[in-house]
Amino acid sequence: MNFKLIFASLLYIFALHFSYNLYIIENWFYVGYFEKNILSLFDYLYSSIIIVIPIIIFKNLKKRISQIFFIFFYIIIYAPTIIVLIYSWNYSQLDYYLFTSAYFIAFTIMAISTRIKIYKFKLFNFNPRFIFKVLFLIYLTLFLVTLSLNINSLSFVDFTDSVDVYQQRESGPEASTSLGYIILILVSSIIPFLMSYSLYKKKYILIFLFFLSFILLYSVVANRSYLFMPLFILIVFYIFQNTKKYNFGKKIFYFFSFSLIFLSSVMYLGNENLRLLFFFPSSFLIFRTIFTGGWQSIVYYEFFSIPHNEITYLSQTKFFNLFSEYEYFDLLGRTIGYYVFEDANLSLNSNFLISDGLASFWFVGIIVFGIFYSLIFYLIDCVSFDIPNSIVISCM
């Protein structure tokens, strides 16, 4: 049992409570679904216990991809969602315990899966340089096609201006179209791999090219994450390249805990100039990254609790809609967005346990997708044992 990691997780729980009350309620209450219910001692104990148990089960970090991603999912998805649910739940108490229990079971399964001994095998016997060259040709072809088809609509809008961002998204290709899928494949798999391998081989010209590619693709669809992805890849690559001992789990907890406490304190106690200075980092980290998943979980629950809103049985995905009819007029994210804000152009997507799990199979779906992603990460552990973690993690 790693007592230092358990203590770090308890500190993070305190930071979440602190940040929720001093920052979220004070600055984002108007969004809706952020409530400040008075908690009993039982509420504190129940939420703390189900948040901490997966960490107690979790084994010391070693050179396994699944353990690293479990920590990130735990910090960004699991713990903050439970905190939002205990403060903001105004629905059936039975459903509250079913909802939180489903999350708990899903992450407990993920924690257990990180302890299972891996079976090492090589998925590919190809030369890495050959794979790189093939993917580079694919990247070059798809990237040039994308730019040529959108050359007249490129616009480098201010990523802090939501109005301009959504206007540019409307003029760009839909995510569900062929071009939308091409862009998604480029930014989520091909370019991250090519950039990570180029970092590993110190091919700086190519690194600059891929960095520029993310920026140009941002000008097509105005997805703000595209601007941060190359920076994230760089940071993650060098962190894992220079980290010889993989016992940094508690350091990640400390980083997020102190960041939440510091930013929340500044935004609550600081003067107008100081609050303006820290507005973007606080909104990006605390609201957008940490707490958004929690209120989106409630939104999805509320939407599918309405009697005529049937769960999807995976029909929102391209393959499974061949076997199950999709009942909604628009994409699921847009349907939920319109339900909340009555804006047909707003897409409200949540994490995989909600957008895929809850939406498809209700509470059972959260557990099902917890198992599914546990298997995925276990397979990644098995096939990536002889590949540097800095490459695998930065790609993912």
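Residues numbered from 1 in each chain as written. Predicted model: local features only at pLDDT ≥ 70, side-chain atom pairs only at ≥ 80, totals over all residues. Heavy atoms only, no water.

Section: the packing of aromatic side chains
For clarity, the cut-off: Planes of paired rings set the category: under 30 degrees apart is stacked, over 60 is edge-to-face and the rest tilted, where pairs are Phe, Tyr or Trp rings (Trp by its six-membered ring) whose centres lie within 6.5 Å. Helical segments are the DSSP runs of H or I of at least four residues, strand segments are the runs of E of at least two, and each set is numbered from the N terminus. When a residue's accessible area, from a 1.4 Å probe over protein chains only, is under 20% of the maximum for its type it is buried; when over 50% it is exposed; and in between it is partly exposed.
Applying the stated criterion across every chain yields a total of 58 aromatic pairs. Seen in terms of ring centroids, Tyr-20 and Phe-34 are 6.1 Å apart; in terms of plane orientation they differ by 70 degrees. Their pairing is edge-to-face. Residue Tyr-20 is located in helix α1 (residues 3–28), and its partner Phe-34 is located in the loop between α1 and α2 (41–57); the two are separated by 14 residues in the primary sequence. With respect to class, Tyr-20 is no different from Phe-34; both count as buried. Taking 5.7 Å as the distance between ring centres and 65 degrees as the angle between the ring planes, the aromatic pair formed by Tyr-326 and Tyr-328 counts as edge-to-face. Judged by its relative accessible area of 23%, Tyr-326 is partly exposed.

Let's talk about helix α13 (residues 332–341)
Extensive coverage of α13 is indicated by the burial of seven of its ten residues. Every buried residue of α13 is listed here: Leu-332, Gly-333, Arg-334, Thr-335, Ile-336, Gly-337 and Val-340.

Overview of the packing of helix α10 (residues 249–269) against helix α12 (residues 279–305)
Filter applied, for reference: The convention used is that axes are lines fitted to C-alpha atoms, helices contributing only their stretch in contact, and that angles between N-to-C directions extend from 0 to 180 degrees. Here the word oblique covers every angle except those under 35 degrees (roughly parallel), over 145 (roughly antiparallel) and from 65 to 115 (roughly perpendicular). Two helices that cross are described as forming a left-handed crossing if the nearer one is turned anticlockwise from the farther one by less than a right angle, and a right-handed crossing if clockwise. In this analysis, two residues are considered to be in contact whenever any of their non-hydrogen atoms come within 4.5 Å of each other.
At their nearest, the axes of α10 and α12 sit 10 Å apart, and the two run at 125 degrees to each other. As judged from the angle between their axes, α10 and α12 are oblique. Crossing handedness for the pair α10 and α12: left-handed. Residue-level contacts link Phe-256, Ser-259, Leu-260, Leu-263, Ser-264 and Met-267 of α10 to Phe-279, Pro-281, Ser-282, Leu-285, Ile-286 and Ile-290 of α12.

So, the environment of Tyr-339
Among the structural elements, Tyr-339 can be located in helix α13. Owing to a relative accessible area of 28%, Tyr-339 belongs among the partly exposed residues under this scheme. Along the chain, Tyr-339 and Phe-303 lie 36 residues apart, while their C-alpha atoms are 7.6 Å from each other. When residues no more than four places from it in sequence are discounted, the contact partners of Tyr-339 are Tyr-33, Glu-302, Phe-303 and Ile-306.

Some details on the nonpolar core
Inclusion rule: Residues grouped as a nonpolar core are buried Ala, Val, Leu, Ile, Met, Phe, Trp, Tyr and Cys residues, joined through side-chain atoms within 4.5 Å.
By size, the foremost hydrophobic cluster in this structure holds 85 residues, and its most contacted members are Phe-34, Phe-99, Tyr-103 and Phe-291. For this core, the secondary-structure elements that each account for two or more residues are α1, α2, α3 (65–88), α4 (93–113), α10, α12, α13 and α14 (352–383). Of the residues forming this core, the biggest block, 16 residues, is contributed by α3. Discounting residues that sit within four places of it in the chain, Phe-99 has contacts with Leu-85, Trp-89, Ser-297, Tyr-301, Ile-354, Leu-358, Phe-363 and Ile-366. Ranked by size, the runner-up nonpolar core spans 25 residues in total, among them Ile-183, Ile-207, Val-221 and Tyr-226.

Re the side chain of Ser-264
For the record, the criterion: Pairing of N or O atoms within 3.5 Å defines a polar contact, subject to two protein rules: one partner must be a possible hydrogen donor and the other a possible acceptor, and residues neighboring in sequence count only if both atoms are side-chain atoms.
On the secondary structure map, Ser-264 appears in helix α10. A polar contact is formed between the side chain of Ser-264 and the side chain of Ser-19, at a distance of 2.8 Å. Here the side chain of Ser-264 touches Leu-260 through a polar contact of 2.7 Å, landing on its backbone oxygen. If we skip the residues at most four places from it in the chain, Ser-264 touches Phe-18, Ser-19, Tyr-23 and Ile-286.

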